2 protein chains.
Amino acid sequence: MFGGKELRHVLTLASQWTRVASGSAPNTLRWNSPFIHTSSCQRKCELTSKRYQVERGKYGQVSEENIKFFTDLLGPHRIILGEAELEGHNTDWLETVRGASSVLLKPKTTEEVSSILSHCNQHRLAVCPQGGNTGLVGGSVPVFDEVIISMNLMNKVENVDTWAGVVTCQSGCVLEALDQHVAEYGLMVPLDLGAKGSCHIGGNASTNAGGLRLLRYGSLHGSILGVEAVLASGEVVDCMTAMKKDNTGYDLKHLFIGSEGTLGVITKLAINCPSRPQAVNLAFLGLNTYDDVLKTFVAAKKQLGEILSSCEFIDRSSLECVEKNLNLKAPISSHEYYMLIETSGSNGTHDEEKLNNFLENVLGSGTVSDGTVASEPSRMLHIWALRERIAEALTREGYTYKYDISLPLTHFYKMVEDMREHLGPTVMRCCGYGHIGDGNLHLNITTHEFEKDVLNKIEPALYEWTSKVNGSISAEHGLGFKKRNYIHYSKSAGAVTLMKQMKKLLDPNGILNPYKVLPDD
Amino acid sequence: MFGGKELRHVLTLASQWTRVASGSAPNTLRWNSPFIHTSSCQRKCELTSKRYQVERGKYGQVSEENIKFFTDLLGPHRIILGEAELEGHNTDWLETVRGASSVLLKPKTTEEVSSILSHCNQHRLAVCPQGGNTGLVGGSVPVFDEVIISMNLMNKVENVDTWAGVVTCQSGCVLEALDQHVAEYGLMVPLDLGAKGSCHIGGNASTNAGGLRLLRYGSLHGSILGVEAVLASGEVVDCMTAMKKDNTGYDLKHLFIGSEGTLGVITKLAINCPSRPQAVNLAFLGLNTYDDVLKTFVAAKKQLGEILSSCEFIDRSSLECVEKNLNLKAPISSHEYYMLIETSGSNGTHDEEKLNNFLENVLGSGTVSDGTVASEPSRMLHIWALRERIAEALTREGYTYKYDISLPLTHFYKMVEDMREHLGPTVMRCCGYGHIGDGNLHLNITTHEFEKDVLNKIEPALYEWTSKVNGSISAEHGLGFKKRNYIHYSKSAGAVTLMKQMKKLLDPNGILNPYKVLPDD
């Protein structure tokens, strides 16, 4: 069960979302409810250490002396003690991994993060930095008794440079709140994903989140201009430029983007924010063959060009799952495949004309079998829910084996077909959806309960398949705890060795988010 | 004087440009002649080691045994010996720095680069990796007798994934040739700069080149998907994914992007290529105040939105310089400031309508005083030449003190005014131009000959000024040899220490491009 404090906090995030979603700006219509812990008190998952048989590292155990130090530093209200009180922070959203931390700290400043880390490093206490805890690979919760450093209170927006279009903020800002903040200046955060109502921008940076608009606005390695991070030693690394171009030495900020809190804790960010679009349109299309899907994507890139802002894919089974479990209804008849194609631009008339021409072409040629277009916020919200709530719908069926793979587009759907055949009737569902515009497939498999045999049938077969076609075994979710030992399917031995050397250099005692990202020795 | 072989090579590059420029694809109309060594044989600049009083590191000297190893590896035609023969490779394009290497190697494969580096590392021979040698901070030529590894022959395009829009190639591909190659598939390389006819894509990556379209397509840290690099030890680090999303461990490729060949030699790249625009328009505007320039930029971002592909700035002195020294003529009357605003889109009619509306607004309000629009390739070429040939025009006046600064837009032109006042009549010219859309100012100062006193009056005053307003002392040119000791004006001591630790980790003997990027101890 959530402790009183934590429950209130979750409610704050939830109501924040409600407030935002009731606005009419087309860019804010994202469903984030899957990422709020509503049921963790009803069903308690097995401890990670037990399920995965992990051995605890030789770290110190939190003592009275440590607690006194933290309390002196933060005061009594920003330290939460007790394993039961921390259940929501020990368990991931999917309820597939569970740690046993009994200390959570809530710093408000970089200096406090620095003091915490310096102390933990001296006492060899392992730590788990935690943002919105919306991660899907077990990276954001402790594995054992790591001290949780929650970034919840580090949520100040420090500056918006309206000339250049750059926001500077602390890392604990909730993505959606930050986007709403810059919206007041006609800007947008160039990242959008289902969890936006809960996830932190610092967590997004630490996991190099991709999301729904990477196709248009590129990766965070391009959008993030500056990073301030604290090393394990407590040393603050200041790479906090807000300049769009800065070629002065090695660009250290990239060390912290995507390293999932294992090289440093991100405390501050500067982010390039594009102009907010004036017009948004969304098409929902039905298609009969995967070949048609591919053709439609290429046609969209060519004909919609610079206004294409999202190109998403859903297969029949994924849509069935969301219709059945969440009582949602697709706006067109049943098809083998569906696509969501979103345009965002500065001139609504131009955008509509481009989109209509495109639709006439793909419908006229028979490449697309059926389709509908929405530009009213409520209809777009409904259509987006069909895509964004699939993750939530899947959890209603029991245990979800969740995979996030990059594949060459020629092999994209073949993986789902092959896996379905490989698993046969032993599973409830094997379905695929995702960001086809980025070659990013979310492959999901469900069973009533977690079954080790099913897991063993999926892994490492799935990774071998992916590796053979030069895909990536984790497109945007990261490796976290669950996939760390499969890194070799996507990275060479030499690259992994170099990663380990860098970890050793930046965190010699290995206190930062242990058991994550890097494979066991 | 160039050796026969080298001169022929330069001619090949030059004629390659001519061929390309005579085509009609609007995206290829770039002038690159400033980056071809035409005059290095006429005027020989002082040795870097003497002018800057640098001390040679404790490296080995190339022996007969080393030459034999290289010759056995590459054959007699891919090793060039003799300081005189290498003059074009020892001197930078600006003719401001000159090394004294007597060995140049031309590998064709990653394996050859690996063998060369492994051998050099064992024998403590310093090396200078060299692409198109178009760098402006002395990073691409040796300081002493470093072995030059020329990437000229590593120019194979390996694959174009037309579904995803990704090109995979060796690092020695000339940027313009690569762009022409992908143009055949309706794609473009998301980078464009004046030196495109000579510079290598690997050099662009190593220096994190910015250029004319960063505003639209973002930085290379976002566009480059995969990198293969060879470490000093000869070990090949394979991060060669062609996937748009790949979150499997630390993203090591960023170590090599922008580190100017000091951490590894890039041998292969995978680059995300956007759809090639169907229509390009270019406006050349005259403005009376800097405040008007700022307002016009913000209006362009808002009203042109997604079709804005370049926003460039020229001051009166820069335009006068190009008109006087290159006999070019501006298409509008004289103004204090000029802007080039380029649009690229998928629908010519829509783009023209947006551009016309924008121009009506800014001309109607008096923000812009005069302007002209071009969409025919020849007229666009002429207008672009006014911007792109400024660097060349400046060299005609004598010695150029060249600075490439990022600044908050509120301080952008104040720097030029302050520097002009600070230097007074001791210099011939003090002018500013650049990528205002990225906050990137090219400040240039000229005197008849190099004058140490003038240099001392500019530096470090200029860097202090930049640092005070939180700018960057090198926006896109890098630190190379010339700016390495000023890194502290843009980076914290802690960050520099971490950079040195990383250098030590990746290149323990310091053989890779020494005397560059990192400050002297």
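Since we're looking at a predicted model, the values are computed, not measured.

### A word on the layout of surface pockets
Residues and elements named next belong to chain B. By volume, the second largest pocket is sized at about 790 Å³. Lining the second largest pocket are 25 residues, and of these Tyr59, Tyr515, Pro519, Asp520 and Asp521 lie nearest its centre. Looking at side-chain class alone, the lining of the second largest pocket contains eight nonpolar, five polar and twelve charged residues.

### With respect to the interface of chain A and chain B
Chain A puts 84 residues into the contact, and the matching count from chain B is 85 residues. For the pair chain A and chain B, the two sides together bury roughly 6600 Å², of which 60% comes from carbon and sulfur. Together, Trp163, Lys245 and Tyr250 of chain A form the three largest contributors to the area buried by chain A at its contact with chain B, with a combined 16%. The tally of links from chain A across to chain B stands at six salt bridges. Among the ionic pairs, Lys491 of chain B bridges to Asp246 of chain A, the shortest N-O distance being 3.4 Å. Within the residue set of the side of chain A that touches chain B, elements represented by two or more residues are α8 (214-217), α9 (220-223), β8 (236-239), α10 (253-256), α11 (290-304), α13 (348-364) and α19 (493-506) of chain A. If one sorts the elements of the side of chain A that touches chain B by residue count, α19 of chain A sits on top with nine residues. Partitioning the side of chain A that touches chain B into residue classes produces 29 nonpolar, 37 polar and 18 charged.

### Some words on the state of the cysteines
All names here are of chain A. Going through the model one piece at a time under the given rule, you end up with zero disulfides over all chains. Of all cysteine sulfurs, the one in Cys173 lies closest to Cys169, which takes part in no disulfide; the gap is 4.3 Å. On the accessibility criterion, Cys169 (0% relative accessible area) is buried.

### Topic: the packing of aromatic side chains
Residues and elements named next belong to chain A. A full pass over the atoms with the stated rule returns 40 aromatic pairs over all chains. Residues Tyr290 and Tyr413 carry aromatic rings whose centres are separated by 6.4 Å and whose planes lie at 25° to one another, so their mutual orientation is stacked. In this pair, Tyr290 is assigned in helix α11 and Tyr413 in the loop between β14 (399-406) and α16 (414-423), connecting sequence segments 123 residues apart. Overall, Tyr290 belongs to the buried group, its relative accessible area being 14%. An aromatic cluster of three or more residues is present, and its members are Tyr290, Phe313, Tyr337, Phe412 and Tyr413. Directly above the ring of Phe450 sits Arg51, whose terminal nitrogen or CZ lies 4.2 Å from the centroid.

### Describing the pattern of salt bridges
Residue and element names in this part refer to chain B. The final tally for this structure, using the stated rule, is 56 salt bridges over all chains. For Arg78, the salt bridge is made with Glu112, and the minimal N-O distance between the two is 2.7 Å. With Arg78 in the loop between α3 (64-74) and β1 (79-81) and Glu112 in helix α5 (residues 110-122), this pair connects stretches of sequence that are 34 residues apart. Across the salt bridge formed by Lys196 and Asp192, the nearest N and O atoms sit 3.3 Å from each other. Taken as a pair, Lys196 and Asp192 share a single burial class, namely buried.

### With respect to the relation of the copies chain A and chain B
Superposition of the two copies of the chain requires a rotation about an axis together with a shift along that axis. Note on the copies: chain A fits chain B at an RMSD of 0.0 Å, the axial shift is 0.0 Å, and the rotation between them is 180°. Look at the turn and shift together and you get a two-fold axis relating the two. Taking the C-alpha atom as reference, chain A places Gly222 of chain A closest to the rotation axis, 2.1 Å from it.

### Focus on the environment of Val368 of chain B
Residue and element names in this part refer to chain B. With respect to the helices and strands, Val368 occurs in the loop between α13 (348-364) and β13 (370-374). Residue classification places Val368 among the buried positions, given a relative accessible area of 2%. It is 6.2 Å that separates the C-alpha atoms of Val368 and Gly286, two residues lying 82 residues apart in sequence. Not counting the four nearest positions on each side in its chain, Val368 is found in contact with Leu285, Gly286, Leu287, Thr296, Val362 and Leu363.

### Considering the pairing of strand β11 (residues 308-315) of chain B
All names here are of chain B. In terms of residue burial, β11 counts as a mostly covered element, since eight of its eight residues are buried. Across seven bridges, the pairing between β11 and strand β12 (residues 337-345) is antiparallel. By the bridge assignment for β12, Ser310 is matched with Glu342.

### Here we look at the confidence of the model for chain A
All names here are of chain A. The predicted model of chain A averages 91 in pLDDT, with 92% of residues at 70 or higher. Predicted confidence is poor over residues 1-42, with pLDDT under 50, and the contacts of this stretch with residues over four places away or in other chains come to 90 contacts. Across the interfaces of the predicted complex, the ipTM metric reaches 0.92, alongside a pTM of 0.92.

### So, unusual backbone geometry
All names here are of chain A. Here the amide bond leading from Glu459 into Pro460 is cis, since omega sits at 5°, within 30 degrees of zero. Examined against the element boundaries, Pro460 turns out to sit in the loop between α17 (452-458) and α18 (461-468). Here the phi dihedral of Arg124 falls at roughly 55°; this positive angle occurs in a residue that is not glycine. Classification of Arg124 as partly exposed rests on a relative accessible area of 39%. Positive phi values are uncommon outside glycine, yet Asn470 reaches one of about 60°. Among the residues examined, Asn470 registers a relative accessible area of 58% and is labelled exposed.

### Digging into the packing of helix α3 (residues 64-74) of chain A against helix α5 (residues 110-122) of chain A
Residue and element names in this part refer to chain A. Two numbers describe how α3 lies on α5: the axes approach to 11 Å, and their chain directions differ by 170°. By the angle between their axes, α3 is roughly antiparallel relative to α5. Together, Asn66, Phe69, Phe70, Leu73 and Leu74 of α3 and Glu112, Ser115, Ile116, His119 and Cys120 of α5 make up the contact between the two elements. Within the contact of α3 with α5, the residues separate by chemical class into six nonpolar, three polar and one charged.

### Some words on the sheet that holds β12 of chain B
Residue and element names in this part refer to chain B. Spatially, seven strands are ordered β13-β10-β12-β11-β15-β16-β14 in an open sheet, and the strand pairing comes out antiparallel. This sheet does not close on itself; its edge strands, each paired only once, are β13 and β14 (399-406). Averaged over all pairs of adjacent strands, the angle between strand axes in this sheet comes to 15°, irrespective of strand direction. Along the sheet face, helix α16 (residues 414-423) touches β11, β12, β14, β15 (429-435) and β16 (440-447) and points at about 20° away from the line of β16. Contacts from helix α18 (residues 461-468) reach β14 and β16, with the element oriented near 15° to β14.

### Focus: the sheet that holds strand β2 (residues 103-105) of chain B
Residues and elements named next belong to chain B. The four strands lie next to each other as β1-β2-β4-β3, forming an open sheet whose pairing is mixed. If you trace the sheet from one side to the other, it starts and ends with β1 and β3 (127-130), each paired once. Sheet twist, expressed as the average angle between the axes of neighbouring strands with direction ignored, equals 20°. With three bridges connecting them, β1 and β2 associate as antiparallel partners. Paired with Leu81 across the strands is Val103, a residue of β2.

The rules behind the values
- Residues numbered from 1 in each chain as written.
- Chains lettered and ligands numbered in written order.
- Predicted model: local features only at pLDDT ≥ 70, side-chain atom pairs only at ≥ 80, totals over all residues.
- Heavy atoms only, no water.
- 1 Å grid on protein atoms, 1.4 Å probe; cavity = no way out; pocket = protein on both sides within 12 Å on 5 of 7 lines; lining within 4 Å.
- Points joined across faces, edges and corners; volume = space filled by probe spheres on them.
- Nonpolar A, V, L, I, M, F, W, Y, C, P; charged D, E, K, R; others polar.
- Contact = heavy atoms within 4.5 Å.
- Buried area = accessible area lost by both parts, 1.4 Å probe.
- Salt bridge = Lys/Arg side-chain N within 4 Å of Asp/Glu carboxyl O.
- Helix = DSSP H or I, 4+ residues; strand = E, 2+ residues; numbered from the N terminus.
- Disulfide = S-S within 2.5 Å.
- Buried < 20%, exposed > 50% of the residue type's maximum accessible area, 1.4 Å probe, protein only.
- Phe/Tyr/Trp six-rings, centres within 6.5 Å; stacked < 30°, edge-to-face > 60°.
- Lys NZ or Arg CZ within 6 Å of the ring centre and 35° of its normal.
- Least-squares fit on C-alpha atoms with pLDDT ≥ 70 in both.
- Pairing = 2+ DSSP bridges.
- pLDDT = per-residue confidence, 0-100.
- Axes fitted to C-alpha atoms, helices over the stretch in contact; angles between N-to-C directions.
- Parallel < 35°, antiparallel > 145°, perpendicular 65-115°, else oblique.

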